[in-house]
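The lines below spell out each chain.
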Amino acid sequence: MAQQALLIALFPLIAFVIQSLIGKKLPRHGDFISVLAILGSLVVATPIFMKLITEGHVFDSFQVTWMSLRGAEAGRLNSAVTIVIGVLINNLTAIMLLMVTLCAFLIHLFSVGYMHGEERYHLFFAYISLFSAAMLGLVLSDNLLTFFICWELMGLCSYLLIGFYYKKPSAINASIKAFMTTRVGDTLFFMGIAGLYYIYGTSNFMSIYKAIELGTGHGVTILGYPALAFIGFMVLMGTIGKSAQFPLHVWLPDAMEGPTPVSALIHAATMVAAGVFLLIRMFPLLEAAHVVLPVVAYVGAITAFLAALIAIVQVDIKKVLAYSTISQLGYMVMGVGVGAFSAGFMHLITHACFKACLFLCSGSVIHSVHTQDMREMGGLKSKMPITFATMFIATLAISGVPGFSGFVSKDRILGGALAYSMEHQGHYLIPFLGFATAGITAFYMFRMIYMTFFGHARDEHKHHHAHEQPFTMTIPLMVLAALSFAIVFAGPTGIESIDHVMPVKWFDHALEGVQVEMGIAEHLSPEAEAVHHKAHGLALIISLAVAGLGIFLSSITYLKHLLSAEKFKRMAGPLYNLVWNKYFFDEFYLGIFIKKGLLNFNQMLATFDDKVVDRIFVDGWRDIAMVTKNVIGKFDDLVVDRLMVDGTADVMSGGGWVLRQFQTGKVQQYLVLTVMVIIVALFFANLGLK
Amino acid sequence: MNHLLSFSSSLQGYLAVGAILFALGIFCVLTRKNAIGILLGIELILNAAGINFVAFSKFRTGLIDGQIVALFIMLIAAAEAAVALAVILRFYRLKQTIDADEASILRN
Amino acid sequence: MDLVLLLAEIFTVASAVIVAFHPNILYAAVFLLFAFCGVAVMFLFAGADFLAGAQIIIYVGGVTILILFAIMLTQWLYKIKLVDIRNKMLLPGVLAIGIGFFLYRALHQMALSLPKLTPEALDKFTATPKTALMGQALLGSYLLPFEAITILLLGALVGAVWLARPE
């Protein structure tokens, strides 16, 4: 099974090769090749998933030796490092594979309509094929080395696709910003992998789990830090870069310069989720390192809250979704951080479906009205019924309305966070931020829906031209909307649990299997069980209440206009300013590292010039200067002009002349000098000998 | 005479020949105006390096690593000679001379 | 046997002297050929049979012939041009002697610091045929440099052809 699974990543890779070489000459610029390739991946991935559903558990893997770095001749160095790579199929992989291939297939399909007639149409498909191959390769990897290779390939594709409209300077800047920002995290992540090789000599996930279960690696240090904590933090940095977590979140909103299907595939459903996937794969190590998990939780919670606040004030429909993505990724990271990693993973999957749907809907809207500014939309409900219906369903899902997928996964994360804060006194900020974010999410998502689809048309011309999209674009919307219902994830399967004779929920069952593999199966004490039960009950009530409150506030503000958003804006004043400018993060980075330091220094010099030099030296000494004018005049003429000014010039030209003598352009004279230097060096080296 | 014979077949003998060849090569490179003459000097230098490697390989390590490196030196020398002669021919076509001092366009 | 080696060394050094000092570049190139032959004999005595063969094939058969061709292509054979006008010789002479001296000194020190082989081991090393060993080493632990060299050679040859092509 594992060998066949390689085909999943291979199909898009072949499509990429064909597309990049001869794509332009093929009929339809070869878009069908990419679509068929990813469809092939989907067809191969489905049986693996069905096996998980029917049997409750899949596990298969195979390894090949990539290279064996031996010592030199005659066995003088007997240390050998063997790098083994391979494929790991377990429950996590099966679920991820289906999610990625399905989302990618639908988005490919959508792109056929959306990108129709664009310049470099064939390259677009080449890039997203390569991206799909890399993402699927990452999911299939059984070790961090190939994982990292695919991770970097995805970064490259992200860079290429953000800068796809290469004639727009903003797109180029955004692509460079995305690439460089994620590079910070990637470099540290690679150090983490090196650390893993250092302490375990392997980066195979199963070997790592086994080693951690045995307790090896404790007490080893890297650069003076405990090795496990070091690796944990480095892995976290990788996630922070890739999943756009605070404080490296700045690239994701700018990445919206890319085509909308790209935003849906890369910057919502898959690549940014890869960071969370990494945390989940490495969860046993993070847990063993103790100090890492609280940091993970706080990073997630802070990201979720800050990004959600920014999303409220955005007017660009894609920017709202981008900040919402950052915020939801924050949820997932928080979920992993508080130990509810199955909830985090579930949110990863549910979020991929509904956020891809939202992005594609926004793409459909943008394609129709040719603007991204929500202030120029409005009243599109009747014009684009299918887009409206699907987007509304996805919005209900992300807002956490019962019956939809987002409710299930988000509620579990919040429950986990609450339980965590109950168990560990003093971490109340995490669930607080979580619940606040839940309310804010509902608020801004409904604001977006109301501004886009409800009310009157704010731009008559654009409204007039708006139209529903063809089927290739609406079918993906409908499928993704259908996946936003809770029953898809929380529903039962045919398998029956052993002790209860009732159908089990397939997702939980699959994740329990993963926990057993990782060696972190939970054995809760009755008291802890009670705490968890209580926390989840409480979380259910609170999250329902805050989501309801968010939707209610949004409705009376943007639908009924009982409250004026403008008034709030004025009331909030500086706070609004802060959020509108995204907490000045871009300015901070640009400013601190590039401009601010230099500018301030210049400012200081200018002030010094103005206040000290001008006032005191120039003005103050004017009188004295008047008196001694003649003396100074003479001095000026003789000493300054003759000696200093002319003298300086003479020295310079003389020095130039001297240096010019060495610069003959004749190779052999240079060689003579070189040999002389070597001899001098050898002479001093020889002094050391006896 | 016996003394000279034992010196010549010792490591020091090889090193001495290598050093002399090296010095002659450097001298040749530094004094000849003709670019091909410079190339001759470079070949001498490379051969001197090869002799040293082979000598240490025989008299000290007893492994063939030194010979492998000498082989690599030989191959690089061949590649270098091919490229250098192509450059010289090109230069000759351009300036009708192969005087190395004439190759000073970069100065101005 | 040692006498043959001594003669080969003297022959090599003498040829190299002519290479360095002869005013006629054609003579210098021909004596370079002799110097290479002398080095090949020295290799033979150092137990490097394969290397001696390679030295003959590559240097004597290839590089020197190439150089002779280049001389003939760029000089009017029977004109005074063949006589190389020399730069000043004093400073280069001093430098060359200096660098040769220091090089010998440094290598000598290094030779003293390394352990010596027994006479039996020396004989055994000299007597072993090296071709098979070299082949195994080149395709074994030296595979990467070997591959790199092949790419370098290919690049050099393509580059040389490109540089020397007619306009």
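Residues numbered from 1 in each chain as written. Chains lettered and ligands numbered in written order. Predicted model: local features only at pLDDT ≥ 70, side-chain atom pairs only at ≥ 80, totals over all residues.

1. A short note on the interface of chain B and chain C
Thinking step 1. With 63 residues of chain B at the contact, the number on the chain C side is 72 residues.
Thinking step 2. Of all the elements in the fold, those that place two or more residues in the side of chain B that touches chain C are helix H1 (2-8), helix H2 (11-31), helix H3 (35-61) and helix H4 (65-95) of chain B.
Thinking step 3. Per-element tally for the side of chain B that touches chain C: the top contributor is H4(B), with 21 residues.
Thinking step 4. Grouping the constituent residues of the side of chain B that touches chain C by class yields 46 nonpolar, 11 polar and 6 charged. (Contact = placed C-beta atoms within 7 Å. Helix = DSSP H or I, 4+ residues; strand = E, 2+ residues; numbered from the N terminus. Nonpolar A, V, L, I, M, F, W, Y, C, P; charged D, E, K, R; others polar.)

2. Quick word on the packing of H3(B) against helix H2 (residues 25-45) of chain C
Thinking step 1. Viewed as axis vectors pointing N to C, H3(B) and H2(C) meet at an angle of 10 degrees, and their least axial separation amounts to 11 Å. Classified by the interaxial angle, the pair formed by H3(B) and H2(C) is roughly parallel. Two secondary-structure elements touch here, H3(B) through B:Ile36, B:Gly37, B:Leu40, B:Glu43, B:Leu44, B:Asn47, B:Ile51 and B:Val54 and H2(C) through C:Ile25, C:Ala28, C:Ala29, C:Leu32, C:Ala35, C:Phe36, C:Val39, C:Met42 and C:Phe43.
Thinking step 2. Looking at side-chain class alone, the contact of H3(B) with H2(C) contains 14 nonpolar, 2 polar and 1 charged residues. (Axes fitted to C-alpha atoms, helices over the stretch in contact; angles between N-to-C directions. Parallel < 35°, antiparallel > 145°, perpendicular 65-115°, else oblique.)

3. Observations concerning the packing of H3(B) against helix H3 (residues 49-74) of chain C
Thinking step 1. Where H3(B) contacts H3(C), the two axes come as close as 11 Å, and the packing angle between them is 175 degrees. Judged by the angle between their axes, H3(B) and H3(C) are roughly antiparallel. Together, B:Ile36, B:Leu39, B:Leu40, B:Glu43 and B:Val54 of H3(B) and C:Leu51, C:Val63, C:Ile67, C:Ala70 and C:Ile71 of H3(C) make up the contact between the two elements.
Thinking step 2. Looking at the contact of H3(B) with H3(C), its residues break down into 9 nonpolar, no polar and 1 charged.

4. Thoughts on the nonpolar core
Thinking step 1. In this structure, A:Cys103, A:Ala356 and A:Cys357 are the most contacted members of the largest nonpolar core, which totals 211 residues.
Thinking step 2. Ranked by the residues each element gives to this core, the list is headed by helix H15 (residues 341-369) of chain A, at 17 residues.
Thinking step 3. Core analysis: the second largest hydrophobic core is formed by 84 residues, B:Ile64, C:Phe31, C:Val63 and C:Leu95 among them. (Core = buried A, V, L, I, M, F, W, Y, C linked by C-beta atoms within 7 Å. Buried ≥ 20, exposed ≤ 12 C-beta atoms within 10 Å, placed from the backbone.)

5. Notes on the confidence of the model for chain C
Thinking step 1. On average, residues of chain C carry a pLDDT of 85, and 91% of them reach 70 or more.
Thinking step 2. Both confidence scores are given for the complex: pTM 0.63, ipTM 0.88. (pLDDT = per-residue confidence, 0-100.)

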